[in-house]
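A structural walkthrough
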2 protein chains.
Amino acid sequence: MAELPKSDAEQAMIARVFAPLTAGLPGALGLTDDAAILSAPSGRQLVLTMDTLVQDVHFLFDGSVQQASDAAYKALAVNVSDLVAKAADPLAYMLSLTLPAVGSTDWLEGLAEGFRQGQSDWSIHLAGGDTVRGTSGLALTVTAIGSVPQETAVLRRNARPGDRLIVTGTIGDASAGLQVCQSSEAFGHLSRTDADFLKNRYQRPRPKLGIVEALRTYASAAMDISDGLILDLERMCRASGVGACLRAHQVPLSAPIQRLVNNQKVSLTDALSGGDDYEILAAVPPDALGAFAEAARHAGVSIAEVGEIIATLGVSVVGDDGNSLSITRKGWDHLG
Amino acid sequence: MAELPKSDAEQAMIARVFAPLTAGLPGALGLTDDAAILSAPSGRQLVLTMDTLVQDVHFLFDGSVQQASDAAYKALAVNVSDLVAKAADPLAYMLSLTLPAVGSTDWLEGLAEGFRQGQSDWSIHLAGGDTVRGTSGLALTVTAIGSVPQETAVLRRNARPGDRLIVTGTIGDASAGLQVCQSSEAFGHLSRTDADFLKNRYQRPRPKLGIVEALRTYASAAMDISDGLILDLERMCRASGVGACLRAHQVPLSAPIQRLVNNQKVSLTDALSGGDDYEILAAVPPDALGAFAEAARHAGVSIAEVGEIIATLGVSVVGDDGNSLSITRKGWDHLG
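Residues numbered from 1 in each chain as written. Chains lettered and ligands numbered in written order. Predicted model: local features only at pLDDT ≥ 70, side-chain atom pairs only at ≥ 80, totals over all residues. Heavy atoms only, no water.

As a reminder of what qualifies: UniProt positions are given in the numbering used here, feature names are shortened, and annotations may be inferred rather than shown by experiment.
Within an unreviewed UniProt entry, the label attached to chain A reads Thiamine-monophosphate kinase, and the organism entered is Candidatus Filomicrobium marinum. The record in UniProt for chain A states the following under Sequence similarities (unreviewed entry): "Belongs to the thiamine-monophosphate kinase family." Within the UniProt record for chain A, the comment given under Catalytic activity (unreviewed entry) is "thiamine phosphate + ATP = thiamine diphosphate + ADP".

Laid out in structure tokens, this is it:
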């Protein structure tokens, strides 16, 4: 076994770097104990979600401070995104850090900085966790805890025929961004501005915290779009025992993706099946649509209506000529 | 990046194997959503702890159903052990499963069986989690959630001079068991019974759930012994700003370890610095010691008084001649 003798110096460094992230949460005990104490806000239920991000699977990591920061930000973002999708307000998170088998940990401050930025963006605090040495690369597991007023969590399973399908933001940016991260020549010539926009969308997902109140008040069902819009819509439909019609030409695209579609570097179905967007997909009853849109506008979150829930099982994707598009790849999963 | 196309079959198998573990916890939503909904029992605070176990670092794994079951049982055990040490009643857990990069997952049912056994032993339920493909071996991250009546969690940091040091069970079995797992000749000739006992202590830690009530009622401070008694005692002392005198000859040893000590195959200090016991170390005020012992006896948990907390910083380990023992290795840490 590879259990290694304690390194007090490294242990102390980790405590020093991460303990400040618990500020504002006395129950974290400054990371000096094996556990954290947490009180659910009065009258509220807790919402828990957990996601692991593995180097070379879910994020790129070259040992730099910048990529460590991006990885941390993303690890927190994908968990907060799940809280948002359930209409929960972020509260605290636990972090398990698996250090690479070998090499320096000079990037540890960068990692903490990424978490610090996420905490600041989404009002969430580090409560506790664990650090181990692994046998491969860096891995980050976050358990995020949010809260909702009793019985107001929005689930996947309650989409109903007639509900309108809503997405936040723009779709397909992150998967194109990943390709640009991997090769700057991925799409031939791309302006620096467009390349940076797409890479940022991949590296720094921004959970749509502003939509929480609108979801809680008006949505029948919601989930975040992590593995591609079509695949995630199928999952919502399966959980709800319904189907959906997705109108491809109504799906909002960013200007850089629209340019790539126009230049035939990216197909529309690529955008609809690309993962890592962390936008929100919601089903909203038609009579609540106006109020939902108004609440979203008030919160500064752009939304678009992209289709509707139908009783017939299965998801059909319709082009602007009204015909169904042929979809060969529906999305990506982090599980092979 | 190694993001792989979705395998519906594998995804479905994981859901089928793990969803039954959520029985009794409606907020788990049968693992059909991205999050779990949890209500804190009325008037109680939640206690959260998180531990990652990595193949070849924290457990042995040869791809067999048996070792998968052992790994799962241990992953849950070490987390429940942290809850016990805080005097918390187990409630639910989240599981993030990182599958090995390659190979079959025929052992997945064994993994679920190990969790099922732990759930049954410690009255805890699966609430949710995540499954990803990693780039190396199997890794299991558990976030365990327990509850305590308001302000009754027992922390590391409140040990006070004069408190008596208590340990549950026997010390040093698991580290000897690991050596037997690695080589059946580790200690020369060892009876089959002794070998099996020691291996089981390593592979199947048993959190001392019975001691929760006694800790909550009487202990000043507590923690579980995961990295070796001496090292963990030092940590409790450091957190409390105190020192301790540990009387080595009062530390309870199992009959197999006592035989190994008698045969000079294991030194007493090996036992005191061996990790993975998951027994409880507690500091109990002298005037509460009788009641604590009575409560432990009532709960069927064996305990022993092994020393006391002193005002002078540092831990001294005293032999049966009253002289300090020389300690070169205080314990093992999972972080190198």
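Read on, since the account is not over.
**Quick look at the domain arrangement of chain A**
Residue and element names in this part refer to chain A. Counted only if it meets this: Residue ranges labeled as domains rest on an automatic or database domain assignment. Any two residues having at least one pair of non-hydrogen atoms within 4.5 Å are treated as being in contact. The quantity reported as buried area is the accessible area (1.4 Å probe) lost by two parts once they are put together, taken as the sum for both. For salt bridges, the criterion is a side-chain nitrogen of Lys or Arg within 4 Å of an Asp or Glu carboxyl oxygen. The definition of a polar contact used here is a pair of N or O atoms within 3.5 Å, where within protein one atom must be able to donate a hydrogen and the other to accept one, and adjacent residues in sequence count solely through side-chain atom pairs. What counts as a helix is a DSSP run of H or I of at least four residues, what counts as a strand is a run of E of at least two, and both are numbered from the N terminus.
What the domain assignment lists for chain A is domain 1 (8-149) and domain 2 (164-318). Here the C-alpha centre of domain 2 lies 26 Å away from the C-alpha centre of domain 1. The interface is formed by 27 residues belonging to domain 1 together with 19 residues belonging to domain 2. When domain 1 packs against domain 2, the two sides together hide about 1800 Å² of surface, and 56% of this comes from carbon and sulfur. Linking domain 1 to domain 2 there are four salt bridges. In this structure, Arg204 engages Asp70 in a salt bridge whose closest nitrogen and oxygen atoms are separated by 2.8 Å. At the junction of domain 1 and domain 2, the tally comes to 10 residue pairs in polar contact (both at pLDDT 80 or more). Mapped by element, the contributors of at least two residues to the side of domain 1 that touches domain 2 are α2 (65-85), β3 (89-99), α3 (108-122) and β5 (139-149). Sorting elements by how many residues they give to the side of domain 1 that touches domain 2 places α2 first, with 12 residues.

**Some thoughts on the sheet that holds strand β1 (residues 36-38) of chain A**
So the rule is basically this: Strand pairing is defined by DSSP finding a minimum of two bridges between the two strands. Fitting a line to C-alpha atoms yields each axis, with helices limited to the stretch in contact; the angle taken between N-to-C directions then spans 0 to 180 degrees.
What the five strands build is an open sheet, ordered β1(A)-β2(B)-β5(B)-β3(B)-β4(B); its pairing is mixed. Two strands in the sheet have a free side with no partner beyond their single neighbour: β1 of chain A together with β4 (125-133) of chain B. When strand polarity is set aside, the average angle formed by the axes of neighbouring strands in this sheet is 20°. Where strand β2 (residues 44-54) of chain B lies against strand β5 (residues 139-149) of chain B, 11 bridges are found, and the strand directions are antiparallel.

**Examining the interface of chain B and chain A**
Convention followed: Each residue gets one of three labels, nonpolar for Ala, Val, Leu, Ile, Met, Phe, Trp, Tyr, Cys and Pro, charged for Asp, Glu, Lys and Arg, and polar for the others, Gly among them.
Facing the 72 residues of chain B at the interface are 73 residues of chain A. Between chain B and chain A, the buried area comes to about 6500 Å², and carbon and sulfur atoms account for 56% of it. The tally of links from chain B across to chain A stands at four salt bridges. For the salt bridge of Asp33(A) with Lys86(B), the shortest nitrogen-to-oxygen distance reads 2.7 Å. Here chain B is connected to chain A by 23 residue pairs in polar contact (both at pLDDT 80 or more). The greatest single-element share of the side of chain B that touches chain A, amounting to nine residues, is contributed by β2(B). Across the side of chain B that touches chain A, the residue classes break down as 33 nonpolar, 22 polar and 17 charged.

**Side note on the side chain of Ser220(A)**
All names here are of chain A. Defined as follows: The classification of residues rests on relative accessible area computed with a 1.4 Å probe and restricted to protein chains. Under 20% of the type maximum is buried, over 50% is exposed, and intermediate values are partly exposed.
If you trace the backbone, Ser220 turns up in the loop between α6 (212-218) and β7 (221-225). By relative accessible area, Ser220 is classed as buried at 16%. Setting aside anything within four residues of it in sequence, one finds Ser220 in contact with Val154, Leu155, Asn158, Ala159, Asp163, Ala283 and Pro285.

**Some words on the sheet that holds strand β1 (residues 36-38) of chain B**
In spatial order, the strands read β4(A)-β3(A)-β5(A)-β2(A)-β1(B); together these five strands make up an open sheet with mixed pairing. Looking at which strands have only one partner, the edges of the open sheet turn out to be β4 (125-133) of chain A together with β1 of chain B. Taken pair by pair, the neighbouring strands of this sheet meet at an average axis angle of 20°, ignoring direction. The pairing of strand β2 (residues 44-54) of chain A with β1(B) spans three bridges and is antiparallel. Each residue of the ladder has a partner; that of Leu46(A), found in β1(B), is Leu38(B).

**What about the pattern of salt bridges?**
Summed over all chains, the structure comprises 40 salt bridges over all chains. For Asp89(A), the salt bridge goes to Arg216(A), with nearest N and O atoms at 3.0 Å. One end of the pair, Asp89(A), is in strand β3; the other, Arg216(A), is in helix α6, and 127 residues separate them in sequence. Here Asp89(A) falls in the partly exposed class, since its relative accessible area comes to 28%. The exposure class assigned to Arg216(A) is buried, which follows from its relative accessible area of 16%. Across the pair Glu113(B) and Arg116(B) runs a salt bridge whose closest N-O atoms are separated by 2.9 Å. Pair noted here: Glu113(B) and Arg116(B) are both in helix α3 (residues 108-122), with a separation of three residues, about one helical turn. A single salt-bridge network, built from bridges that share partners, covers Arg44(A), Asp89(A), Glu213(A) and Arg216(A).

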